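Fold and contact review
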Amino acid sequence: MIEFVQLVLGGVAVGCVYALVALGIVLVYKATETVNFAQGELMMLGAFLAVALTSAGLPYWAAFAAAVVLMALAGAALERVVLRPVLGRPQFAIVMLTLGIGLMARGLVAAVPEWGAQTHSLETPFAGASLHAGELTLSADHAMVIATTAVLCGALTLFFHGTRLGLAMRAASQNQLGACYMGVSLARLHSAVWALSAAIAAIAGVLLAPITFVHTNMGLIGLKAFPAAVIGGFGSLPGALAGGIVLGVVESAAGFYLPEGAKDVAAWVVVLLVLMLRPAGMFADAAPRRV
Amino acid sequence: MAEAILSVAGLEVRYGALAALSAVGLELPEGAILAVLGANGAGKTTLLRALAGVLVPARGTVVFRGRSIAGLPPERIVRAGISHVPEGRELFPLLSVRENLLMGAWIRRDAAGIERDLARLCSEFPVLGERARQPAGRLSGGEQQMLAIARALMARPRLLLMDEPSLGLAPRLARELFRMIDRRRREDGLTVLVVEQNARLALGIADLACVLAGGRVVAQGPARSLLGEEFIRGFRLGDNPAGRTQAPEP
Ligand SMILES: Nc1ncnc2c1ncn2[C@@H]1O[C@H](COP(=O)(O)OP(=O)(O)OP(=O)(O)O)[C@@H](O)[C@H]1O
Ligand SMILES: [Mg+2]
């Protein structure tokens, strides 16, 4: 039993990272109707930034904050320079473009002499520490992921339900033309959404860094975030969150109880099951508020 | 009457090869109510969309309060003082009634004034006050129509564009709505351009009227002079297919 709870806890922690990446994908999708296949790479960039900043001598927390802010700026710039000009083009072209952005980000990082070839570790002030409750152990890295995700979700809820900009993002995700008629500048709103989404990616990257190390292929986690978003109904933020956590738990249980390889298949089995049983996602019948 | 707050000249709007509006000219004095009448497909909605900045005119000038606004994007036009109650309402169905109204005030920063206007609109449309916390999508068609109008008023426009506001309203509610619009005009100096299928209702409060047919202005003048005219009756009875008149409230 303890073993199982232990597995679930570890799964929740990893699932939180999937959830954060999925959250960024869903945010951009809802606001701009673009499926961003580069979200995993944005996370990877955030992690590399944090590593670079800590090795430049910045303390962990300062590097964390700076990486998030820098990635938010990068997200806004990406929208302004790359995505805004192609607004209104066929969907598949824009999707290809985001795939290209992801590949370019990987190439770019690989080309940096100190970065590309090896894996890096991010120094944290809580390295090696862990929390204990009875026989349960939770590493500080995992605890940090879970706690930060919880705080971030609270902050996002306050943002979407308590601020002007958050309200406008929800409004535009339901009716872009309606938001236009209210005087909302969709271009600027899209920039803000990309900034928010890239900032969340950076948070995910910094949280994941002490667990898996930092390397150019980190962004492949996007392959887990997409199923997480689909499980949650692709369009619901709470759904993306729940989808990520479910996926993390299922994976960690499959990795333990099932034969080698099952772990990597588990995500897709869950997606198939959800699509067959509840085609609109787990959160299909959830409350009318979707953001 | 006061000088023109809106003047449109030579306006042409195209959907690809189709010219939905050609050579449209209008003069709207400040504080006046102009009714735009016309059969289905005459170009009424197209005219409002062009004025609201959603469609870019191919030709012509639009001058609002002394400034040329032709071709400006919708967000600039709202800020210039023109609000639009569009065809199809374009509400935010999952946001609450109150949140929809707050979105209407997006261009404003005066929190106290916004709260005052919310209170005023909720007393003018009591049902919106009662349902403030419900999602807009759960309101009846008529209530949604009222919300769309109230939301447009939250921007404190100088000019209000309304596309068939009585559609979906029971006759009694439609008359009430028009009385409210008339009061806004008298008390706040609001100028109104209203598209209506229900010509008699619109001409009842309008000062001016213009009739569109095939994308051109075919008649224009004081509302009272058009009210009695034969072609208005002909237009109402002849060109107005069943089903597009007022649908009773669900
Ligand atoms: N998006 C569009 N693309 C192409 N043609 C359009 C489009 N919207 C309208 N039209 C055409 O433009 C003309 C004017 O349409 P518009 O919607 O302005 O008419 P209307 O007077 O508002 O009619 P109704 O009373 O049915 O609302 C019609 O012939 C219509 O078919
Ligand atoms: Mg119309």
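Each chain has its residues counted from 1, running along the sequence as written. Just so you know, chain letters begin at A and ligand numbers begin at 1, following the order they were written in. Restriction of local features to residues with pLDDT of at least 70 applies here, the model being predicted, together with a cutoff of 80 or more for giving and counting side-chain atom pairs; totals for whole chains, interfaces and linings are based on all residues. To get the side-chain values, all heavy atoms of the structure are used, and hydrogens and water are removed first.

**A word on empty space enclosed by the protein**
Here a cavity is any set of points on a 1 Å grid over the protein atoms alone where a 1.4 Å probe fits but cannot get out, and a pocket is any open set with protein on both sides within 12 Å along at least 5 of 7 lines; a residue lines the site when it has an atom within 4 Å of a point. Grid points are joined across faces, edges and corners, and a volume is the space filled by probe spheres set on the points. With the rule as written, the count across this model stands at three cavities of 30 Å³ or more. Lining the second largest cavity, in full, are Y181(A), M182(A), V78(B), S83(B), H84(B), G104(B), R151(B), A152(B) and A155(B). For the lining of the second largest cavity, the secondary-structure elements that each account for two or more residues are β6 (82–85) and α6 (141–153) of chain B. The class makeup of the residues in the lining of the second largest cavity is five nonpolar, three polar and one charged. Secondary structure counts use DSSP, requiring at least four H or I residues in a row for a helix and at least two E residues in a row for a strand, with both numbered from the N terminus. Amino acid classes used here: Ala, Val, Leu, Ile, Met, Phe, Trp, Tyr, Cys and Pro are nonpolar; Asp, Glu, Lys and Arg are charged; the rest, including Gly, are polar.

**Focus on the confidence of the model for chain B**
Close reading of the predicted structure is inappropriate where its pLDDT is low. Residue and element names in this part refer to chain B. The quantity called pLDDT is the predictor's confidence in a given residue, expressed from 0 to 100. For chain B, per-residue confidence averages 88 on the pLDDT scale, and residues scoring 70 or more make up 90% of the total. In the model of chain B, helix α10 (residues 230–238) stands out as the element of lowest mean pLDDT, 47, in contrast to helix α3 (residues 97–104), which has the highest, 97. The contact criterion used is simple: two residues touch if any of their non-hydrogen atoms lie within 4.5 Å. This stretch, residues 236–250, has a pLDDT under 50; its non-local contacts, to residues over four places away or in other chains, come to 30 contacts. Predicted complex, confidence summary: ipTM 0.87, pTM 0.88.

**Considering the side chain of N36(A)**
Residues and elements named next belong to chain A. Position of N36 relative to the elements: it lies in the loop between α1 (2–32) and α2 (39–55). Definition of a polar contact: a pair of N or O atoms within 3.5 Å, with one able to donate and the other able to accept a hydrogen when the atoms are protein atoms, and with sequence-neighbouring residues admitted only if both atoms are side-chain atoms. At 2.8 Å, the side chain of N36 forms a polar contact with the backbone nitrogen of A38. Polar side-chain contacts of N36 include one of 3.1 Å to the side chain of Q39. Not counting residues up to four positions away in its chain, the partners in contact with N36 are I25, V28, L42, T98, W194 and F226.

**A closer look at the pattern of salt bridges**
Salt bridges are counted wherever a side-chain nitrogen of Lys or Arg sits within 4 Å of a carboxyl oxygen of Asp or Glu. Applying the stated criterion across every chain yields a total of 22 salt bridges over all chains. The residue R84(A) makes a salt bridge to E79(A) at a minimum N-O spacing of 3.0 Å. Type-normalised accessible area, obtained with a 1.4 Å probe on protein chains alone, sets the label of each residue: buried when under 20%, exposed when over 50%, and partly exposed for intermediate values. Relative accessible area serves as the criterion here: at 3%, E79(A) is assigned to the buried category. Measuring nitrogen to oxygen at the nearest pair gives 3.1 Å for the salt bridge that ties R170(A) to E99(B).

**With respect to the nonpolar core**
One finds M43(A), L6(B), L11(B), M103(B) and L193(B) to be the most contacted residues of the largest nonpolar core, which totals 126 residues. Here the element with the most residues in this core is helix α8 (residues 186–212) of chain A; it accounts for 17 residues. Not counting residues within four places of it along the chain, the set of residues in contact with L193(B) comprises L6(B), L26(B), L28(B), L34(B), V36(B), L48(B), L51(B), L159(B), L160(B), L161(B) and M162(B). Grouping buried Ala, Val, Leu, Ile, Met, Phe, Trp, Tyr and Cys residues that are joined through side-chain atoms within 4.5 Å yields what is termed a nonpolar core.

**Points about the packing of α1(A) against helix α5 (residues 140–162) of chain A**
Residue and element names in this part refer to chain A. Each axis is a line fitted through C-alpha atoms, taken for helices only over the stretch in contact, and angles between the N-to-C directions span 0 to 180 degrees. Look at α1 against α5: their axes get within 8 Å of each other, and the N-to-C directions meet at 35 degrees. Relative to α5, α1 is oriented so that their crossing is left-handed. Residues L9, G10, V12, A13, C16, V17, L20, L23 and L27 of α1 form the contact with α5, whose own contacting residues are H142, V145, I146, T149, L152, L156 and F160. Here the residues of the contact of α1 with α5 are counted per class, giving 13 nonpolar, three polar and no charged. Working rule for handedness: look at the near helix, and if it is turned counterclockwise from the far one by less than a right angle, call the crossing left-handed; if clockwise, right-handed.

**Some thoughts on the site of ligand 1**
All names here are of chain B. Around ligand 1, the surrounding shell holds 15 residues, and the nearest of these are G41, K44, T45, T46 and E87. Within the backbone of G43, one N or O atom sits 3.0 Å away from an oxygen atom of ligand 1. If ligand 1 stood free it would expose 630 Å²; the protein chains cover 64% of that surface. Where the shell around ligand 1 is concerned, the elements lending two or more residues are β2 (18–29) and α1 (44–52). The biggest single contributor to the shell around ligand 1 is α1, with three residues. Partitioning the shell around ligand 1 into residue classes produces five nonpolar, six polar and four charged. By convention in this text, a residue qualifies as near a molecule or strand provided that one of its non-hydrogen atoms is within 4 Å of it. Residue burial considers only the protein chains on display, and all accessible areas are found by Shrake-Rupley using a 1.4 Å probe.

**What to know about helix α6 (residues 164–174) of chain A**
Of the residues making up α6(A), those classed as buried are G166(A), L167(A), A168(A), M169(A), R170(A), A171(A) and A172(A). Packing partners of the buried residues in α6(A) comprise α5, α7 (176–181) and α8 of chain A together with α3 of chain B.

**Remarks on the interface of chain A and chain B**
With 21 residues of chain A at the interface, the matching set in chain B holds 27 residues. Buried area: the accessible area, evaluated with a 1.4 Å probe, that two parts lose upon being put together, summed over both parts. Together chain A and chain B conceal approximately 2,200 Å² of surface at their shared face, both sides included; 64% is due to carbon and sulfur atoms. At the junction of chain A and chain B, the tally comes to one salt bridge. For the side of chain A that touches chain B, the elements supplying multiple residues, two or more each, are α6 and α7 of chain A. Tallying contributions element by element places α6(A) first for the side of chain A that touches chain B, with seven residues.

**Observations regarding the pairing of strand β4 (residues 59–64) of chain B**
Remark: a regular strand shows side chains that alternate across the two faces of the sheet. Residue and element names in this part refer to chain B. Where strand β1 (residues 4–15) and β4 come together, five bridges link them in antiparallel fashion. Paired with A9 across the strands is T61, a residue of β4. In this sheet, strand β5 (residues 67–68) lies alongside β4 in antiparallel orientation, the contact comprising two bridges. Considered in β5, the bridge of V63 is made with S68. The hairpin formed by β4 and β5 contains two residues between the paired strands, and R65 there has a positive phi angle of roughly 50 degrees. Whether two strands pair comes down to DSSP finding at least two bridges between them.

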